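# Fold and geometry: a report
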Amino acid sequence: MTVETNFGVVPRSHVVMFYEREAELSGAVAAFLAEALHAGDPVIVLATDAHVAAFRSALIELGVDVAAHLRQGNLVVGDAHEAVSRYFPAGRFEAERFDAEIGETIRALGDSGREVRVYGELVALLWDEGKVSEAIELEAAWNDLGRRLPFSLFCGYSAEALGSPGGASFNEVCDLHSAVVAGGEGACSHPADSIVVARAEHARSFACDLRSPAHARQFVVRTLEASGAVGLLEDAAIIVAELATNAVLHARSEFVVGVSDADGSVRISVRDASSVVPVRHEPDAHAITGRGLLVVSGLARRWGADVIGGGKVVWAELAR
């Protein structure tokens, strides 16, 4: 990991902050938003009422005329609780509605060529409620929208809800973002010095359907082709097909596939709703099934499984 000395984010980045104190979050988010507003760029805030009030105070301290930006439409504010209810009616993600409404707002604000910045905590609310699969699905939807529209996204999570750094939940969330804003002592005083670049990931959710492993395979191949990792296409395709098939046949759940390419390795992960950890078997020579993980372990530099609230993540790494 490398440390950035300037809070200025790379265009189209997706950063996350794990905060221990509310003041840490307010300071970092205000810096993220103020930088854009001072430059004349629009911002969108989807947060709880309490956080909106805290961000407003912090922005004013940074010299931002909040009332003026609200009148001019440069600052758009929405209630995170209402947004979660709207995009997850009856507990199911309305992906098309999210894409249409959030996407249209971003397009409208950025149609003059300005860079749009978004702060959102819809995912954090889902995570806090124990809806981990829904949270991961929404993060994947943000990433998918970000591949089609030019905007930067900042997410905030309570460190207590995610667990300790290095834990399975912490790493899972990191893998869905392009950068992590470090919290902790002093972070709210100097948020501009606390950006840590993490492993970037492309992620997509799939239905519990026998056709989904083939679709997951296509997604991984296209993603690696775009990143130039063409020498790994065959092995990566076999690995994701095996892991996705296990999610459908054994976990019997929807699943999320992640692909990351950094630090000399490609990481393929499949998250499903079962907490049962897979075990590699040495099947009988005449058996026609049960060789999936044996194949994965033979192709991957290393592989493993992490149990996370609401399910597990099975992953494998290939050397670049």
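Residues numbered from 1 in each chain as written. Predicted model: local features only at pLDDT ≥ 70, side-chain atom pairs only at ≥ 80, totals over all residues. Heavy atoms only, no water.

### Thoughts on helix α1 (residues 22–38)
Inclusion rule: Under the scheme used here, helices are H or I runs from DSSP no shorter than 4 residues and strands are E runs no shorter than 2 residues, and both carry numbers assigned from the N terminus. Under the convention used throughout, the expected extent of a helix is 1.5 Å for every residue step, that is, one less than its residue count. Here the term buried applies to any residue with accessible area under 20% of the maximum for its type, exposed to any over 50%, and partly exposed to those in between, with areas from a 1.4 Å probe on protein chains only.
The end-to-end C-alpha distance of α1 is 24 Å, a good match for the 24 Å that 17 residues give at a rise of 1.5 Å each. Burial within α1 is extensive, with 13 of its 17 residues counted as buried. At the exit of α1 stands glycine 40, carrying a positive phi of roughly 85°.

### A short note on the environment of isoleucine 44
For clarity, the threshold we go by: Contacts are residue-level and defined by heavy atoms, with any inter-residue pair within 4.5 Å sufficient.
Locating isoleucine 44 in the fold gives a position in strand β3 (residues 43–47). The spatial distance from the C-alpha of isoleucine 44 to the C-alpha of glycine 73 is 9.8 Å, given a sequence separation of 29 residues. When sequence neighbours within four positions are dropped, the list of residues in contact with isoleucine 44 reads Val76, Thr105, Ile106, Leu109, Val116, Arg117, Val118 and Tyr119.

### Section: the side chain of serine 297
Spelled out, the test is: What qualifies as a polar contact is a pair of N or O atoms within 3.5 Å, subject to a donor-acceptor requirement within protein and to the restriction that residues adjacent in sequence count only when both atoms come from side chains.
Its place among the elements puts serine 297 in helix α12 (residues 292–299). At 2.9 Å, the side chain of serine 297 forms a polar contact with the backbone oxygen of leucine 294.

### Focus on the packing of helix α10 (residues 212–227) against helix α11 (residues 233–251)
Test applied: Every axis corresponds to a line fitted to the C-alpha atoms, with the helix fit spanning only the stretch in contact, and the corresponding angles, defined between N-to-C directions, vary from 0 to 180 degrees. The cut-offs work like this: below 35 degrees is roughly parallel, past 145 is roughly antiparallel, 65 to 115 is roughly perpendicular, and the gaps in between are oblique. Left-handed describes a crossing in which the near helix is turned anticlockwise from the far one by less than a right angle; the clockwise case is right-handed. The nonpolar class holds Ala, Val, Leu, Ile, Met, Phe, Trp, Tyr, Cys and Pro. Asp, Glu, Lys and Arg form the charged class, and all remaining residues, Gly among them, are polar.
Between α10 and α11, whose axes approach to 8 Å, the crossing angle comes to 150°. Classified by the interaxial angle, the pair formed by α10 and α11 is roughly antiparallel. The two elements α10 and α11 cross, and the hand of that crossing is right-handed. On α11, the residues touching Pro213, Ala216, Arg217, Val220, Val221, Leu224 and Glu225 of α10 are Leu233, Ala236, Ala237, Ile238, Val240, Ala241, Ala244, Thr245 and Val248. Looking at the contact of α10 with α11, its residues break down into 13 nonpolar, one polar and two charged.

### Concerning the packing of α1 against helix α2 (residues 49–61)
Their axes nearest at 9 Å, the elements α1 and α2 cross at an angle of 60°. Comparing the axis directions of α1 and α2 gives the class oblique. In this structure, α1 meets α2 at a crossing whose hand is right-handed. From α1, Glu22, Leu25, Ser26, Val29, Ala30, Leu33 and Ala34 reach across to α2, where they touch His51, Ala54, Phe55, Ala58 and Leu59. Its residues placed into classes, the contact of α1 with α2 shows nine nonpolar, two polar and one charged.

### Describing the pairing of strand β11 (residues 265–272)
To keep things clear, this is the line we draw: Strands pair, by our definition, only if DSSP identifies at least two bridges between them.
The element β11 is extensively covered by neighbouring structure, given that eight of its eight residues are classed as buried. In β11, alternate side chains face the same way, and those of Ser265, Arg267, Ser269 and Arg271 on one face and Val266, Ile268, Val270 and Asp272 on the other are all buried. Sheet topology places β11 next to strand β13 (residues 311–319); eight bridges connect them, and they run antiparallel. Counterpart to arginine 267 in the pairing with β13 is glutamate 317.

### A few points about the pattern of salt bridges
As a reminder of what qualifies: A pair is scored as a salt bridge if a Lys or Arg side-chain nitrogen falls within 4 Å of a carboxyl oxygen belonging to Asp or Glu.
According to the stated counting rule, one finds 14 salt bridges in the structure shown. A salt bridge links arginine 148 to aspartate 144; the shortest N-O distance between them is 3.2 Å. Of this pair, arginine 148 and aspartate 144 both sit in helix α7 (residues 132–148), separated by four residues, roughly a single helical turn. What makes arginine 148 partly exposed here is its relative accessible area of 41%. The class of aspartate 144 is partly exposed, set by a relative accessible area of 25%. A cluster of three or more residues bridged by salt bridges with shared partners is formed by Asp99, Asp144, Arg147, Arg148 and Arg204.

### Section: unusual backbone geometry
Unusually for a residue other than glycine, alanine 90 sits at a positive phi of about 60°. Among the structural elements, alanine 90 can be located in the loop between α4 (80–87) and α5 (95–110). The residue arginine 252 is not glycine, and still its phi comes out positive at about 50°. Assignment of secondary structure puts arginine 252 in the loop between α11 and β10 (255–262). Residue classification places arginine 252 among the exposed positions, given a relative accessible area of 66%.

### Re the side chain of serine 152
Structurally, serine 152 can be placed in strand β6 (residues 151–158). Relative accessible area serves as the criterion here: at 0%, serine 152 is assigned to the buried category. There is a polar contact of 3.4 Å between the side chain of serine 152 and the side chain of glutamate 115.

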